Amino acid sequence: MSFYWAAKLLHAPRLRHSGSLWRATLVAAPCVLALMIGLSRIADYWHHWEDVTVGSFLGTATAYTMYRLRFPPIAEGAEPLAALQAAPWALKSRSGDRLYDGEYPV
Amino acid sequence: MDLLKRGVQYGLADWVTTFIIAGLGLCAEKGLAPFEHELGPQLADPRISYPYTPNAQSHCPKSLLIALAFILPLALIVSTQLLAPSTLDLNHALLGMISSLSYTLLLVALIKAAVGRLRPDFLARCVLVDGACTGVPHEVTEGRKSAPRQPHEPCPCPPSCQHPALTRAALPPRRRLSERPHRPRLRVA
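Residues numbered from 1 in each chain as written. Chains lettered and ligands numbered in written order. Predicted model: local features only at pLDDT ≥ 70, side-chain atom pairs only at ≥ 80, totals over all residues.

*Asks:* What is the right way to look at the overall build of chain A in this model?
*Replies:* Helix and strand counts for chain A stand at four helices and zero strands. Reading chain A from its N end, one meets helices and strands in the order α-α-α-α. Put simply, chain A has 106 residues, and 27% of those count as buried. Considering only residue pairs separated by 6 or more positions, chain A has 33% of its internal contacts joining residues 24 or more positions apart. (Helix = DSSP H or I, 4+ residues; strand = E, 2+ residues; numbered from the N terminus. Buried ≥ 20, exposed ≤ 12 C-beta atoms within 10 Å, placed from the backbone. Contact = placed C-beta atoms within 7 Å.)

Right under this line is the structure:
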């Protein structure tokens, strides 16, 4: 959820000139919620702290792998790769430079 | 042909794979028995002697966990579409989320079955009488599903494979020093 929001908020054209603290907070919110759930499992004596630590690494690694299977790196775009393969001219760098060297559709 | 192209674009094969992984994960979670530790050496372990908190009284009951792990992200992804609606984006975001949850479910279930540790409240769940657990069976089984294991815990394979001779047999044969290939060492002049 954090990765998805990070890309969306970074590349939303309407938000280009707005502040970034609220965006960072919004991106961190799902991670903080996950941390709170992990801590509650320790407080309830259902898990050891090592389980929660390793579980969070495992979850983050799986989530990032699955995200990158369908979306480009966060800094490069927020559109799914399937859409970019169909229309690669839509892929732009953060400064708005064209990243596609092929021909544009007529 | 157009339908096939659209199926590829919307990751139809990945949806099928995701549901297979989710099915396997659920089967592993429900069907596989957790790894059973020898209780003897751990009877006096303070780390498994904490009181038992029933699911309903815990900070985050299972129903809330499912809602937070599945329904909340689902709602957030759908609401993010208000920013820039796109069915392809929604499809891939949902596919990414569900496949991520499915793989995590399967991995965690397999780890628990292979090397699940005793939960901190295990002795309270177990209600030990004459070396045997007399607690509610499903709560005792759940008490064995704390993953991952610690390095000092015993080998999860059957005792036969822990015999030194058998362990030795599983490794490549030892060679005498004279038979080992010569490896020149880096020397600092």
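The discussion continues.
*Asks:* Looking at this model, I keep getting lost on the environment of Gly19(A). Mind explaining?
*Replies:* Along the chain, Gly19(A) turns up in the loop between α1 (2-11) and α2 (21-43). With 8 C-beta atoms packed within 10 Å, Gly19(A) lands in the exposed category.

*Asks:* How should I be thinking about the nonpolar core in this particular structure?
*Replies:* Most often, soluble globular proteins keep nonpolar side chains buried together rather than apart. Ranked by internal contacts, the top residues of the largest apolar core, which has 24 residues, are Phe3(A), Tyr4(A), Trp5(A), Ala7(A) and Tyr67(A). At the level of secondary structure, the elements contributing two or more residues to this core comprise α1 and α3 (49-70) of chain A together with α4 (87-115) of chain B. Ranked by the residues each element gives to this core, the list is headed by α4(B), at ten residues. Apart from the residues within four sequence positions on either side, Tyr4(A) is in contact with Tyr67(A), Ile77(B) and Ala93(B). With five residues, the next largest nonpolar core counts Ile48(B), Leu118(B), Phe122(B) and Cys126(B) among its residues. (Core = buried A, V, L, I, M, F, W, Y, C linked by C-beta atoms within 7 Å.)

*Asks:* Just to check I follow, could you spell out the interface of chain A and chain B for this structure?
*Replies:* You'll often see interface size given as the accessible area lost when the parts meet. Contact residues are listed per partner, giving 29 residues for chain A and 35 residues for chain B. Where the side of chain A that touches chain B is concerned, the elements lending two or more residues are α1, α2, α3 and α4 (81-86) of chain A. When its residues are assigned to classes, the side of chain A that touches chain B shows 18 nonpolar, five polar and six charged. (Nonpolar A, V, L, I, M, F, W, Y, C, P; charged D, E, K, R; others polar.)

*Asks:* Would you mind going over the environment of Ser18(A) with me for this structure?
*Replies:* For Ser18(A), the location among the structural elements is in the loop between α1 and α2. Sequence separation between Ser18(A) and Cys31(A) is 13 residues; the distance between their C-alpha atoms is 23 Å.

*Asks:* Quick question: what am I supposed to make of the environment of Lys62(B) here?
*Replies:* Locating Lys62(B) in the fold gives a position in helix α3 (residues 62-80). Each C-alpha atom of the pair Lys62(B) and Ile111(B) lies 20 Å from the other, and the pair is 49 residues apart in sequence.

*Asks:* Explain unusual backbone geometry to me, please; I cannot follow it from the model alone.
*Replies:* Most of the time, phi is negative for any residue but glycine, and the peptide bond is trans. Although it is not a glycine, Tyr45(A) sits at a positive phi angle of roughly 65°. Positive phi values are uncommon outside glycine, yet Val127(B) reaches one of about 45°. In this structure, Val127(B) sits in the loop between α5 (122-126) and β1 (128-129). Judged by local crowding, Val127(B) falls into the partly exposed class, with 14 C-beta atoms found within 10 Å.

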